[in-house]
Amino acid sequence: MANRDTVRRRRAIADARRTSELEGSRSTDETRADQDAYVRGEIDIDQLGQRVRARYGLA
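In this text the structure is predicted, and so the values were computed from the model without any measurement.

Undergrad: It is not clear to me how the packing of helix H1 (residues 4-22) against helix H2 (residues 29-40) should be interpreted in this structure. Could you clarify?
TA: The relative placement of two packed helices is expressed as an angle between their axes plus a distance between the axes. Running from amino to carboxyl end, H1 crosses H2 at an angle of 155°, the nearest separation of the two axes being 8 Å. In terms of orientation, H1 lies roughly antiparallel with respect to H2. For the pair H1 and H2, the contacting residues are Thr6, Arg8, Arg9, Arg10, Ile13, Arg17 and Glu21 in the first and Arg32, Gln35, Asp36, Tyr38, Val39 and Arg40 in the second. Partitioning the contact of H1 with H2 into residue classes produces three nonpolar, two polar and eight charged.

Undergrad: Honestly, the nonpolar core in this entry has me stumped. Any pointers?
TA: The tendency in soluble globular proteins is for nonpolar side chains to be buried as a group. Counting residues in each nonpolar core, the largest one holds six residues, listed as Ile13, Ala37, Tyr38, Val39, Ile43 and Leu48. In terms of residue count, H2 provides more of this core than any other element does, three residues in total. Discounting residues that sit within four places of it in the chain, Ile13 has contacts with Gln35, Tyr38, Val39 and Leu48.

Undergrad: Would you take a moment to explain the packing of aromatic side chains for this structure?
TA: Aromatic ring pairs are described here by two measures, namely the spacing of the ring centres and the angle between the planes. For the coordinates displayed, the defined rule picks out zero aromatic pairs. In this structure, Arg9 packs its charged tip against the face of Tyr38, placed 6.0 Å from the ring centre.

Undergrad: Can you help me understand the pattern of salt bridges in this one?
TA: Taken as a whole and judged by the stated rule, the model has eight salt bridges. Note that Asp5 is salt-bridged to Arg8, the shortest N-O span being 3.7 Å. With Asp5 and Arg8 both in helix H1 and three residues apart, this pair spans about one turn of that helix. Judged by its relative accessible area of 46%, Arg8 falls in the partly exposed class. Shared partners join several salt bridges into a network, and the residues in it are Asp34, Arg51 and Arg55.

Undergrad: What am I meant to see in H2 here?
TA: Within an α-helix, residues lying three or four positions from one another point in the same direction, as the helix has 3.6 residues per turn. For H2, with twelve residues, the first-to-last C-alpha span of 16 Å sits near the 16 Å given by 1.5 Å per residue. Inspection of H2 places Thr31, Arg32, Asp34, Gln35, Ala37, Tyr38 and Val39 among the buried residues, and these make up the whole buried set. Looking at the buried residues of H2, the elements they touch are H1 and helix H3 (45-55). Among the residues trailing H2, Gly41 stands out with phi positive, at a value near 85°.

Cut-offs and rules
Numbering of residues starts from 1 in each chain and follows the order in which that chain's sequence is written. Only residues with pLDDT of at least 70 get local features here, since the model is predicted, and only at 80 or more are side-chain atom pairs given and counted; chain-wide, interface and lining totals rely on the full set of residues. Calculated side-chain values reflect all of the structure's heavy atoms, with hydrogen atoms and water omitted. Axis angles are defined between N-to-C directions and span 0 to 180 degrees, where every axis is a line fitted to C-alpha atoms and, for a helix, only to the segment in contact. Numbering of helices and strands runs from the N terminus, with a helix taken as a DSSP run of H or I at least four residues long and a strand as a DSSP run of E at least two residues long. By definition in this entry, angles of less than 35 degrees are roughly parallel, angles greater than 145 are roughly antiparallel, angles of 65 to 115 are roughly perpendicular, and the rest are oblique. What makes two residues a contact is simply this: any of their non-hydrogen atoms within 4.5 Å. Think of it as three bins: nonpolar holds Ala, Val, Leu, Ile, Met, Phe, Trp, Tyr, Cys and Pro, charged holds Asp, Glu, Lys and Arg, and polar takes everything else, Gly as well. Take the buried Ala, Val, Leu, Ile, Met, Phe, Trp, Tyr and Cys residues and link them wherever side-chain atoms come within 4.5 Å; each set so joined is a nonpolar core. Only protein chains enter the accessibility calculation, which uses a 1.4 Å probe; a residue whose area is less than 20% of its type maximum is buried, one above 50% is exposed, and one in between is partly exposed. Stacked, edge-to-face and tilted are the three classes for Phe, Tyr and Trp ring pairs, Trp counted by its six-membered ring, which pair at centre distances within 6.5 Å; planes under 30 degrees apart are stacked, over 60 edge-to-face, the rest tilted. Criterion for a charge above a ring: Lys NZ or Arg CZ within 6 Å of the ring centre, and within 35 degrees of the ring normal. Counted as salt bridges are all cases of a side-chain nitrogen of Lys or Arg within 4 Å of a carboxyl oxygen of Asp or Glu. Expected helix span is given by 1.5 Å per residue-to-residue step, counting one fewer step than there are residues.

Structure follows, in structure tokens:
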């Protein structure tokens, strides 16, 4: 059974992905892998943001 933090993280990522799809976009496989690592608790939200920004040259 998933703990509350995992459920919260999973919901946040699902919402972000849904918003992107509604806007006609989709996360890259690399970004999705980072998002999944966040859901599993392997990285925190700051690390997720850093990875995504670095990927797109926004760091």
